[in-house]
Amino acid sequence: MSERGRRQVSRPLIATTLVAAVAAGAAYTFGPGARADQADRKASPSQERARAADAPAQSLTAAASCATSARYPKRQLRGVWIATVHNLDWPSRPGLSPAQQQAEYLKILDSAVKHRFNAVFVQVRPASDAIYRSSLEPWSQWLTGTAGKDPGWDPLPFLVDEAHKRGLEFHAWFNPFRAADSATSKLPAGHPAKVHPDWVVKHEGRLYYNPGLPQVRDWVTRVVTDVVRRYDVDGVHFDDYFYPYPGNGAKFADSAAYKKYGTGMSLGDWRRRNVNELVAEVSHAVHAAKPYVKFGISPFGIWRNKAEDPGGSATKGMSGYDAIYADAKAWIKARSVDYVMPQLYWPRGFAAADYSVLLPWWANAVKGTGVDLYIGQALYQVGTTGAWKKAGELPAHLALNRKYPEVGGDVFFSAAQLVRNPLGVLDRITKEHYTRPALLPLLTGFDTTPPAAPRGIAASGGTLTWKAQPGARAYGVYRVPGGDASCATADARNLVAVVPASDAPSYATTAPGAYYVTALDRLGNESAAVPAG
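The structure reproduced in this document is the subject of the present report. Note that the coordinates shown come from a computational prediction; the quantities given were computed from them, not determined experimentally.

## Points about the side chain of Asp 521
Piece 1. Here Asp 521 is to be found in the loop between strand S19 (514–520) and strand S20 (530–531).
Piece 2. If near-sequence neighbours (up to four positions away) are discounted, Asp 521 is found in contact with Thr 449, Pro 451, Gly 471 and Arg 473.

See below:
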């Protein structure tokens, strides 16, 4: 998804850049000192109300036997890519003041919240540069217009904090091997490509780091780990750029590294091994630095075609495996990624790369592996040509996704179109598919310990309030119109809000019914539901 210009997929195909059981009865507990209060004296009515509000009261969990509906998924990733390269999404142009940059970013976040999204993927390293204060790589030119120039503030804490304030998970998006957007660019002093010219390959007008060099892979891992350690990010994300995409036919000049490190492998196998080793190294480093940080990749939408490999898809486009040496199936098999997010940027019925063909292929690729699957959606194509001129094409992709339980959500490219809302498509998606909020997916291999249930829940004057729960990232609010509430939290049909954590969390009720509140940690683990007192 990085700078999604039109990209050659093959000669005939032009693509785009791409607990348990329900409690048998009510369980009431009282706060510390309750018995002493009762023994010493009769409590006043106000004391009784305060004590009841502070109790977890009637905790509720949905039984595994509860029926659920694919129309109301409780857990679903709903994200948007925010590209910084070439000022595609943010900031809109270089040289804006910090206040202007902040205002533009908040506009994107507020649009995401409006459409019930829950994650952003922000490009923090477009090409060996930084959208954050770094001792390793220079400031990005896309902030000020001049590579290496200090913008006067560190944007990343603001970007992360404002996303979290709105209940949006923040994924830091890195391009691993691009060293400079132009081979003729003047590199700032201290730029890694200037300090280590032997790391760099000039290729068709750009500078690339050579993936075949162990020191390059170590450097990329160091850069990523530095961000994970210093900033409160929720995830690390790679796009589809590994070895360069086919361009004008020039050969990538890595023959010396191949001769030194190839050890009898074919050139293709060696290049794929280099990428696989980087992925494994970054995965290990990220999880070692902060075990709760997720790591995933958004590969090109076609792994291999069936004509090239019996295990490939019934497509006729460029193969990510053969053209850019990105073997997504190897990452899945090795569990070196927590999720894959293939860029399925083609409409249904497109013969060379049919969305209806690729979706089940990817669903089958992750089935039973523990690796999550999200789909990269071409929001930027809506309203352009062919099937994309129809406002119903993109919503139809999400409808098709419901048939495949392996699909855990969607991420849209990109934020500029999120704000523009071409053909009103996002309004339609919100109305038809995002009718309720959604909790974040629970990924395999991460801590699944539920947080403590919220306390002090009270309803007064049409507002629910409760005490801030230590460690909570957000709170789920459910409304049960009436009747049996035992399955109230099984899916999202009763989920009315995900309230970001604050010092004084609250929710304004808009309809009658029984309200329940849950606590959510940063991984999306959910406590038992507690009713409003």
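## Details of the pattern of salt bridges
Close approach of charged atoms lets side chains of opposite charge pair.
Piece 1. Within this structure, the stated rule accounts for 21 salt bridges.
Piece 2. The salt bridge involving Asp 234 is made with Arg 522; its shortest N-O contact spans 2.7 Å. Of this pair, Asp 234 sits in the loop between helix H7 (214–230) and strand S9 (235–238) while Arg 522 sits in the loop between S19 and S20, and the two are 288 residues apart along the sequence. You'll find Asp 234 and Arg 522 in the same group, each marked buried.
Piece 3. Asp 269 is the salt-bridge partner of Arg 272, the closest N and O atoms lying 2.9 Å from each other. Pair noted here: Arg 272 and Asp 269 are both in helix H9 (residues 267–289), with a separation of three residues, about one helical turn.
Piece 4. Classification of Asp 269 by relative accessible area gives partly exposed; the value is 35%.

## Digging into the sheet that holds strand S14 (residues 458–460)
Piece 1. Taken in spatial order, the three strands line up as S14-S15-S18 in an open sheet, and their pairing is antiparallel. The strands lining the two open edges of the sheet, one partner per strand, are S14 and strand S18 (506–508). On average, each strand axis in the sheet is tilted by 20° relative to the strand beside it, whichever way the strands run.
Piece 2. One ladder, built from three bridges, connects S14 with strand S15 (residues 463–465); its direction is antiparallel.

## A short note on the state of the cysteines
Piece 1. Under the defined criterion, the tally for this structure stands at one disulfide.
Piece 2. The disulfide partner of Cys 66 is Cys 487, and the gap between their sulfur atoms is 2.0 Å. In this structure the cystine formed by Cys 66 and Cys 487 twists about its S-S bond by roughly -80°; its chirality is therefore left-handed. In this pair, Cys 66 is assigned in the loop between helix H2 (45–54) and strand S3 (77–82) and Cys 487 in the loop between strand S16 (474–480) and strand S17 (495–500), connecting sequence segments 421 residues apart.
Piece 3. The class of Cys 66 is buried, set by a relative accessible area of 9%.
Piece 4. With a relative accessible area of 34%, Cys 487 lands in the partly exposed category.

About the thresholds
- Residues numbered from 1 in each chain as written.
- Predicted model: local features only at pLDDT ≥ 70, side-chain atom pairs only at ≥ 80, totals over all residues.
- Heavy atoms only, no water.
- Helix = DSSP H or I, 4+ residues; strand = E, 2+ residues; numbered from the N terminus.
- Contact = heavy atoms within 4.5 Å.
- Salt bridge = Lys/Arg side-chain N within 4 Å of Asp/Glu carboxyl O.
- Buried < 20%, exposed > 50% of the residue type's maximum accessible area, 1.4 Å probe, protein only.
- Pairing = 2+ DSSP bridges.
- Axes fitted to C-alpha atoms, helices over the stretch in contact; angles between N-to-C directions.
- Disulfide = S-S within 2.5 Å.

Purely geometric numbers; function is a separate question.
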